[in-house]
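Structural characterization, general
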Amino acid sequence: QQMGSVYSGAKRVIIWLGEATYDTDYAMYYMKQLEKEGFDHHTPDGQRIPDKQQQWHNIWSAVLGNLRPDQRELLVAGFQALLHRSWFKRVWIIQETANAQVAEIVCGGESVSANILALMPSLLEITPDRQCQPILDIMPGSQRGSSWWAEKPDLHTMLNKFRNSEATDPRDKIYALLG
């Protein structure tokens, strides 16, 4: 019953997606490059760029440079492999994601901010499955404030969004959402 307050009080939440594969390392590498370029990118007067979608698209285009089609396919496959990890299916991850102020995604030996992971479907022009998109929507970062989550959803909405989440005990679906 206290896990929601534990996660909301944490300075940073670490989300472990498991061991890396060649594909996931490839995707993590490019996400890390985006993160580095995005957070290192400043306006001429020294101010950090605001979190605007078009600016992220421009930075992403610069990061990708001249990727061949087969390299882009590997990048998309690696990212989709991350989204199909079992972590995204568990009901209890909703609390840790929704209550986190800052979260870091870790796969193998690589890590990237949750904000960057949540931006990737738009940048890669892919649509995550119905189970995964609500999790991306509630990840800490710029996307959270403009998603359905910002409307303070009721229990019915959350049950609908997360109806495919897995739990050993079906009652845990309610308890996880209440937290």
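As shown above, the structure is provided for reference.
Structural notes, computed from the coordinates. None of the values given here were measured: they were computed from a predicted structure.

1. A few points about the packing of aromatic side chains
All chains considered together, the criterion is met by six aromatic pairs. Ring geometry for Trp 87 and Phe 88: centres 4.9 Å apart, planes at 90°, overall edge-to-face. The buried category is assigned to Trp 87, whose relative accessible area is 5%. Since its relative accessible area comes to 1%, Phe 88 is described here as buried. In textbook terms, an aromatic cluster arises when at least three aromatic residues are bridged by ring pairs, as seen for Tyr 22, Tyr 26, Tyr 29 and Tyr 30.

2. Some words on a nonpolar patch on the surface
A grouping of Trp 92, Leu 155, Leu 159, Ile 174, Tyr 175 and Leu 178 is seen on the molecular surface, where their side chains present a nonpolar patch of about 540 Å² in accessible area. Where the nonpolar patch is concerned, the elements lending two or more residues are α8 (155-161) and α9 (171-178). It is α9 that provides the largest number of residues to the nonpolar patch, a total of three residues. Note on placement: Leu 155 falls in helix α8.

3. Structural notes on the pairing of strand β3 (residues 110-113)
In the sheet, strand β2 (residues 103-107) pairs with β3 via four bridges, with the strands oriented antiparallel. Paired with Val 106 across the bridge in β3 is Ser 111. Hairpin connection between β2 and β3: a loop of two residues separates the two successive antiparallel strands, and Gly 108 in this loop has a positive phi of roughly 60°.

About the thresholds
Residues numbered from 1 in each chain as written. Predicted model: local features only at pLDDT ≥ 70, side-chain atom pairs only at ≥ 80, totals over all residues. Heavy atoms only, no water. Phe/Tyr/Trp six-rings, centres within 6.5 Å; stacked < 30°, edge-to-face > 60°. Buried < 20%, exposed > 50% of the residue type's maximum accessible area, 1.4 Å probe, protein only. Patch = residues over 30% accessible without salt bridge, like charges linked within 9 Å, V, L, I, M, F, W, Y side chains within 5 Å. Areas by Shrake-Rupley, 256 points an atom, 1.4 Å probe, with all protein chains shown as cover. Salt bridge = Lys/Arg side-chain N within 4 Å of Asp/Glu carboxyl O. Helix = DSSP H or I, 4+ residues; strand = E, 2+ residues; numbered from the N terminus. Pairing = 2+ DSSP bridges.

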